[in-house]
Amino acid sequence: MLLQLPQALLPTSFSKTTGGRCHHAAEDRKGVPNPTAHHHLFTLLRDSPRLETAKQVHANALKVPILPNDLSLATRILSIYGNSGCFGDAHDLFRCIPDPDIVSWNSIIKAFGINCAWLDALSLYSELGWSGSVRPNGLTFPAAIKACSKLMLLKSGTEIHCHVLRNGYLPDSFVGTSLISLYANCGRFVNACRVFDGMPQRETASWNAMIGGSVQNGFGEKGLVFYRQMKMEGCLPDPMTVVGVLNACSALGDVSFGMCIHAEMLKLGLGIDVFVGNSLLDMYSKCGCVDMAVNVFNQMDEQNVVTWTALISCYSQHGEGDSAIEMFREMLVENLLPNEFTLATLLQACAERRYLQLVMMVHAYTLRNGFSMDKFLLNSLIDSYSKCGAIGAAEKMLDRMNCRDVVSWTSVITGCIDHKLIERAFMWFFRMQNDLVMPNVVTLTSLIRGCSYLNAPNLCRSVHGFVMKTEMKSDPTVATSLINMYTKSGSVDVAYQVFDKLLERSIDSWGAMIVGYVQSGSIGRALEIFIQSHISEEYLSPETMATVVQGCCHEISLKRGQSIHCYLIKHRFLPCAVVENSLMDMYAKCKQVASACLIFDGMHSRDNISWNTMIECYARNDCLHEALWLLREMNQHDDIEIDAVTMLSALQACIRLGSLRYGEILHGFIIRSGIDSDIFVQNSLLDMYAKAGRINLAEQIFLEMPEKDLSSWNSMISAYGMHGDSRSALKIFAQLQDYGLTHPNDITFVSLLSAFGHSGNVMEGYQCFNSMLIDYGIEPSLDHYACVVDILARSGRLIEAEEFINKMPLEPGSAVWGALLGACRSSRDVVVAERAAKKLAILDPGNIAWKVQLANIYATAGKWSEAQRVRAAMKDSGMKKQTGWSCLEMGGRKYQFLVADTRHPESSRIYEMLDGLTAQMKYANLGDSSFIFEQGGEEEIVIA
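Before going into details, it helps to say that this report is about the structure given with it.

1. Here's the deal with the pattern of salt bridges
Working definition: two side chains of opposite charge can pair if their charged atoms are close together. Following the criterion strictly, the structure yields 20 salt bridges and no others. For Asp418, the salt bridge goes to Arg449, with nearest N and O atoms at 2.9 Å. With Asp418 in helix α24 (residues 406-418) and Arg449 in helix α26 (residues 441-453), this residue pair connects regions lying 31 residues apart in the sequence. When the shortest N-O distance is used, the salt bridge between Glu800 and Arg797 registers 2.9 Å. One network of salt bridges, in which partners are shared, links Asp197, Arg202 and Glu233.

See below:
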C-alpha cells in the first residue's frame, strides 16, 4: 500500500540494511580533505550563524574545494539557509550533496516546514522513503506529521503513524506529541487521546498538545481536566500551557478559573510576557471583564500590535465603541502601526456607534498607508458602511470587488434590510445568485427578516420555498427566523407547521413559537407550547419566560400568572431583572399591588424598567402619592436615569390626583432633564394642564411643539371640549386638516363630538357626525353614537335622541343608553328614563352608577317612593354607592372634602359663601338645588 500524497507517493516501509549513510559519505566523515579549511569555516558558522556568513562560507568552501563532499559543513549551511527563509538555496545545496545522511534530510525537510512549504516537505519525506539508503529517525517523523497536520491530510498522517509503529519510535515523546497535534487538528480527538494514553512518558509539550486539542475540538472542560492531571503528575506548566488553559476558560466563559490561572502564573514567576498577556487579555474580554482586561494591558511590560488590537476589540465587543476609538488614537501616538485586523476591529467600533465620518477616515487611512485591500478588510469596510446607513458606498465597494464572497454580498443585503430597503436587498440577492455565490445562514435569516417587514404572503412563501431547496432547511437559526416571519405576518398556524416539522428544536425555536402565540393573543396555545417544552426538558430563556408572564397579563389571569411565578422560583430563573420586571407588570395589571411591591423590594439589581414598572403600577392602581414618592426615591440613585417613560407614568399620577402643583414641579424637572423634546411627554403635559383647568398653559405647550402627532391634535381638541369651547375645538380641527401631515381618526371625532355636547351645538354636532363616513371614510363606533345621543339629550331633545338610538345600525351599548339616562335628570322625563333603565338592566346589571342616576331622577321628579324602592333594591343586592368627594388646591395646599363636610376650621364661612352662590344661581336660573336632596335625614350626592 502506498501513502496517498498530492504530488508524491511514499512507500510503507524503509530499508533496514544500511546504517543510514553510504560508504563514500562515511569516508568523508572520517577523513575530511583539508581539515584546516573545514575547521576554520565551521567555526565561522558557529560563531556567526547568519545568512550573510553562510553565503560567504558557501562561496569559500566551493573554492577550496570542500563542498559538496564535506557533509557536516554542507548540512550546517543548508540549515542556516532554511532558518533564514532561503529554502530554494537550501534545496539547491541539498541536491548537490552526493550522499546525504539523515541529518541532511531532516534539515531540508525542516527548512521547507519552517517556510510553510508543507507539500514540498512531504514530497521530500516520500523521496527519503523511496531512496532506501537512509532510514528516518525521531526527528524526521515529527516534521512529516506536522506537514500532514497543516495540510489536513488525515489519511497520510495515519499512514506515517503506521511507519512510526513499525520503526519503534512511538515511545518518543516528540513523535507522540506531533501525532496528538495531527489528530486534534483533523478533528479526531479520540485518536489523540489514545496516542496520549499510550505514551510512557509525558512531557509538558504533550500535555500542552492535549489541552490545546481539547479546546480546538470544543471540549474546554476536558482541557481543564488535563491541566489538573498535569499538575497532579508533577509536570510544571510553561507559558504555552497557560495560553492553552486560558483559551479553555475563554471558550467556557469561566472567568473564575481564568483568574486562578492568572494568580498561579504570577506565583510561579512566569510573568506577563506578550504571548501570555495577549491570551489573558483575550480571556477577560470574552468573559465580559473589561476592567480586568485593561489592568492586564497596563501591567504588560511590552505591548505589540496584537495586544492593542485585542483591547480595541474588547471595547468594541462590549459596546464601548468610543473607548475603542480612543485606544486606536493612543496606539498611533505610540508610533505603533496597525495591521489589517486592527483596522477591521476599529471599523466594527465605528459601525457600532454609527460614526460614518470615522469609517470614511479609516477607509482613507488604509488607502493612504498602502494596506493590501484583501477580502477581510474590504468586507469590514462594506459592513461598516452598511451599518452606518451609507448603503450607496457599500454597494459601490461591492461592485468594484474582484473577490466577492458570501460575506461581501451578505453585508450589503443585511444593511439594506436593517434600513428597510427590502426591494434593494432582494435585488442584491438575485445578483448574488447570478454570481453563483451560495447564501449562508446569515444571508437567509436577513432575507427572512426582511419579509417580516412586508405584508407580502407570496414573498414569504417564495423565500420559504427557496430555503427548503438548500442544505440549511434544517438549520435551527433559519427555522427560528421562518417561525418569526410567519408569526409577524399573522400566519401563526403556518409558523406552527414549520415548528412541528423540526427534527431538533432549539431553545430559540421554542421561544419564537411561544412569543408568536402571545403576540397573536392565543395565550392558551402559548401555554400549551410552554408545557410541551417543559415535558421535553427544554428550559427556556429568561426573555421567553418574561413573554409567557406577559401573556398572563393580557388575559388578566392571576391564577395562571401565580403558577408561572412558582415555576420560575422552582427552576431558579430568579433573580433576573427581565423576568422580575414582567412579574411586576403582570401583578400591576391584575391589581395586586402588594405582590408587585414584594418583587420590587426583593430585587438584587434594578434597572430603569424596574423603577418605571413599579411607578406605573402605583399610578395604574390609584396609589398616586406612592408613585410620586417612588419617583423621588428613584431620582436619588445616580446610576438610574429618569427617562420619558418615567415621566409619562408620573404625569398620569398627577392628572389623576388633580394636582397642578406636582404637575408644575414635574414640568420643571422635565425641562432641566432635556426630556421636554419628547412628543409623548409634551402630549401628556398638555393633557395634564387641560385637566387641571389651565387651558392657557395647554395652549402654550401645543403652540410651542416643534412637531405634532395626531395625539397632540386630539388632546388639544379634547382640552377645549372639556372646557366647553367648541369654537376653539373646531378651529384646531380645521388646522389639523390644513396641517396635512396627519389625518383625523376615530378618537379625533370622539373629542370633537364631546366638545359639541358640552357646548350644546346640536347642528354642528350632527354635521360632524355625518361627515365622518362621507368625508373621511371613518365608520362610526358606539362611542360616536353615544356622543350624538349626549348632544341631543343635553339639549332637551330626548325623544329625538331615543329615536336616533332605535335607528342605529349597531346594537346600542350601555354607554349609549347611559348618556340618554343621564340627560333625563335635567328634563325630569321619568318615562324615557325608565325605558333607558330597562335596557341598562339587561346590558349592565352590575353597575351601580345608572341605578343611582335613576334614583336621583325619581327624586328630582318628586317620586320618592320609586326612588326609595331603587335604593332598597341596591341595598338588598349588596351594592354600595361610592362616596363623592371633591378636591381643591390653593397656595400649595390640598383640600379634600365630602358632602356636608364640617371638618374644616372655617366650614361656617364656607357654607355662607356656598349659600350665597346657590341663591345667585337660582336668581340667574343657572342651577337647580333639587339635585341635592335629603331623604330620611341622610344627605346624598348626585352621581352624574
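Back to the write-up after that little detour.
2. As for the packing of helix α47 (residues 798-806) against helix α48 (residues 814-827)
Between α47 and α48, whose axes approach to 11 Å, the crossing angle comes to 170 degrees. Taken together, the axes of α47 and α48 are roughly antiparallel relative to one another. Contacts from Leu798, Ala801, Glu802, Ile805 and Asn806 in α47 reach Val816, Trp817, Leu820, Ala823, Cys824 and Ser827 in α48. For the contact of α47 with α48, the residue count by class is eight nonpolar, two polar and one charged.

3. Focus: unusual backbone geometry
Looking along the chain, the bond that leaves Leu574 and enters Pro575 is cis, with omega of 0 degrees. Looking at the secondary structure, you find Pro575 in the loop between α33 (558-570) and α34 (577-589).

4. A closer look at helix α50 (residues 849-860)
For α50, spanning twelve residues, the distance from its first C-alpha to its last is 16 Å, which sits close to the expected 16 Å at 1.5 Å a residue. In terms of burial, α50 is largely enclosed, as eleven of its twelve residues are buried. Close packing links the buried residues of α50 with α48, α49 (830-843) and α51 (864-876). Gly862 sits one or two positions beyond α50 and adopts a positive phi of about 85 degrees.

5. Examining the nonpolar core
Core analysis: the biggest nonpolar cluster contains 279 residues, and Ile108, Ile160, Met614, Met647 and Leu820 have the highest contact counts within it. Not counting the four nearest positions on each side in its chain, Met647 is found in contact with Leu631, Ile642, Leu666, Phe669, Ile670, Ile675 and Val681.

6. Thoughts on the packing of aromatic side chains
Under the defined criterion, the tally for this structure stands at 24 aromatic pairs. Their ring planes at 45 degrees and their centres at 5.2 Å tell us that Phe341 and Phe376 sit as a pair that is tilted. Residue Phe341 is located in helix α20 (residues 340-352), and its partner Phe376 is located in helix α22 (residues 375-387); the two are separated by 35 residues in the primary sequence. Given a relative accessible area of 52%, Phe341 falls into the exposed group. Classification of Phe376 by relative accessible area gives partly exposed; the value is 41%. Through successive ring pairs, a cluster of aromatic residues spans Phe426, Phe429, Phe430 and Phe466. The cationic tip of Arg505 hangs over the ring face of Trp510; the distance from NZ or CZ to the ring centre is 5.3 Å. Over the ring of Tyr496 we find Arg525, and its NZ or CZ is 5.0 Å from the ring centre.

Cut-offs applied
- Residues numbered from 1 in each chain as written.
- Predicted model: local features only at pLDDT ≥ 70, side-chain atom pairs only at ≥ 80, totals over all residues.
- Heavy atoms only, no water.
- Salt bridge = Lys/Arg side-chain N within 4 Å of Asp/Glu carboxyl O.
- Helix = DSSP H or I, 4+ residues; strand = E, 2+ residues; numbered from the N terminus.
- Axes fitted to C-alpha atoms, helices over the stretch in contact; angles between N-to-C directions.
- Parallel < 35°, antiparallel > 145°, perpendicular 65-115°, else oblique.
- Contact = heavy atoms within 4.5 Å.
- Nonpolar A, V, L, I, M, F, W, Y, C, P; charged D, E, K, R; others polar.
- Expected span 1.5 Å × (residues − 1).
- Buried < 20%, exposed > 50% of the residue type's maximum accessible area, 1.4 Å probe, protein only.
- Core = buried A, V, L, I, M, F, W, Y, C linked by side-chain atoms within 4.5 Å.
- Phe/Tyr/Trp six-rings, centres within 6.5 Å; stacked < 30°, edge-to-face > 60°.
- Lys NZ or Arg CZ within 6 Å of the ring centre and 35° of its normal.

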